Amino acid sequence: MIIYGSELALRYKADIREKVNKYKEEGKRIPKLGVILVGDNPASVSYVKGKRKACEDTGMAFELKELKDTVSQDELIAEIEKWNDDETIDGILVQLPLPEGIDENAVIEHIDHKKDVDGLTSYNAGKLFLGEDGFVPCTPLGVMAILKEMNVDLEGKNAVVIGRSSLVGLPVSKLLLNKHATVTVCHSRTKNLKEIASRADVLVVAIGKARFINHEYVKEGAFVIDVGVNRVDGKLCGDVDFDDVIDKVSMITPVPKGVGPMTIAMLMNNVLKAYEER
Ligand code: NAP
């Protein structure tokens, strides 16, 4: 079964739109996402465009602050702090990556944790670690929403996550643990990756290597979530060799139209959560 996150994302966005419309009808202000874009990296520009469109689709407000790639770390932090104090901004997102010479973690730490809709501050990472309510990064939330939609019962299942970034792999592994899966996290130094991956009932792949995972890494009947986004010959593809594994798996998300659209839907969900909590 091929699971189109793009279709699920439409449903999520329709629900969010309905809630935003209700607030509007009640005469309340509408939720607003503020995005800071440094420089003009084409991929970042395109991701920001997608976020603007998602705000339009859900009836939310969107504000973009564009800064030159010569901006200093202190100037960038000063802009974040202005938005921390701006009552009309509910969510603040700094589009990554930042230019060389700027310490991304140090910059992100300045986002008010109540507006940290990307869930990247140490405050929110700590909340996730402790199993408490906070903002969780959007891609991991999208992965979990897809598994929920497919009624995958995670309790006691072997889940293998390939990739341990703080944006994807690590939070996904904690969310799977919260659902009582037995979780193995793999990375570039993992030995016997094929053997470990091919024991997974649920395999989540987030490594950033085009079509790296073929049928030898996949258990018969596995649920495979492909988070990777790679461009080969101008075309998007995942970290999983889709055509090579399709006959072996029970369920797989494609690239494009898989996890990507769910990431944006979850971002809108986080902005709404920030608005409601504030
Ligand atoms: P990242 O920060 O570069 O992390 C990649 C992870 O993969 C690292 O933990 C690395 O191990 C591991 N890895 C690399 N090569 C490996 C190998 N040969 N075997 C096993 N593990 C390996 O990347 P990321 O931010 O997590 O993103 C991963 C992918 O997801 C990228 O393609 C990215 O574009 C995509 N992505 C998609 C979305 C979406 O919305 N669909 C959102 C975010 C990211 P080490 O830790 O040992 O280096």
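Structure's up top.
Let us look at the structure shown here. (Residues numbered from 1 in each chain as written. Predicted model: local features only at pLDDT ≥ 70, side-chain atom pairs only at ≥ 80, totals over all residues. Heavy atoms only, no water.)

So, the packing of aromatic side chains
Here is step 1: For the structure on display, the rule yields two aromatic pairs.
Here is step 2: When the ring centre of Y23 is taken as origin, the NZ or CZ atom of K22, which lies over that ring, is 5.2 Å away.
Here is step 3: One residue, K273, lies across the ring of F135, its end atom 5.2 Å from the ring centre. (Phe/Tyr/Trp six-rings, centres within 6.5 Å; stacked < 30°, edge-to-face > 60°. Lys NZ or Arg CZ within 6 Å of the ring centre and 35° of its normal.)

So, the site of the ligand
Here is step 1: By nearness alone, 21 residues border the ligand, and R164, S165, S188, K209 and T263 come closest of all.
Here is step 2: Between a nitrogen atom of the ligand and a side-chain N or O atom of K209, the distance comes to 2.9 Å.
Here is step 3: One nitrogen or oxygen atom from the main chain of V227 is found 3.4 Å from a nitrogen atom belonging to the ligand.
Here is step 4: Classifying every residue of the shell around the ligand by side-chain character gives nine nonpolar, 10 polar and two charged. (Near = heavy atom within 4 Å. Polar contact = N/O pair within 3.5 Å; in protein donor to acceptor, adjacent residues only side chain to side chain. Nonpolar A, V, L, I, M, F, W, Y, C, P; charged D, E, K, R; others polar.)

Side note on the sheet that holds strand β3 (residues 91-94)
Here is step 1: The strand order β2-β1-β3 describes an open sheet built from three strands, whose pairing is parallel. Edge strands, defined here as strands with exactly one partner in the open sheet, are β2 (61-67) and β3. Mean inter-strand twist for the sheet, computed between neighbouring axes without regard to direction, equals 15 degrees.
Here is step 2: Pairing of strand β1 (residues 32-38) with β2, which is carried by seven bridges, proceeds in the parallel orientation. Its bridge partner being in β2, I36 is matched across the sheet by K65.
Here is step 3: Of the strands in this sheet, β1, β2 and β3 are in contact with helix α3 (residues 73-84), which crosses β1 at around 175 degrees. (Pairing = 2+ DSSP bridges. Helix = DSSP H or I, 4+ residues; strand = E, 2+ residues; numbered from the N terminus. Axes fitted to C-alpha atoms, helices over the stretch in contact; angles between N-to-C directions. Contact = heavy atoms within 4.5 Å.)

Remarks on the pattern of salt bridges
Here is step 1: Tallied over the full model, the rule gives 18 salt bridges.
Here is step 2: The closest approach of N and O atoms between E26 and K22, which form a salt bridge, is 4.0 Å.
Here is step 3: A salt bridge links D57 to K53, with the shortest nitrogen-to-oxygen separation between them at 3.0 Å. Taken together, the positions of D57 and K53, both in helix α2 (residues 42-58) and four residues apart, correspond to about one turn of that helix.
Here is step 4: You can call D57 partly exposed: its relative accessible area is 28%.
Here is step 5: What you see here is one network of salt bridges that share partners, running through R29, E87, D90 and R278. (Salt bridge = Lys/Arg side-chain N within 4 Å of Asp/Glu carboxyl O. Buried < 20%, exposed > 50% of the residue type's maximum accessible area, 1.4 Å probe, protein only.)

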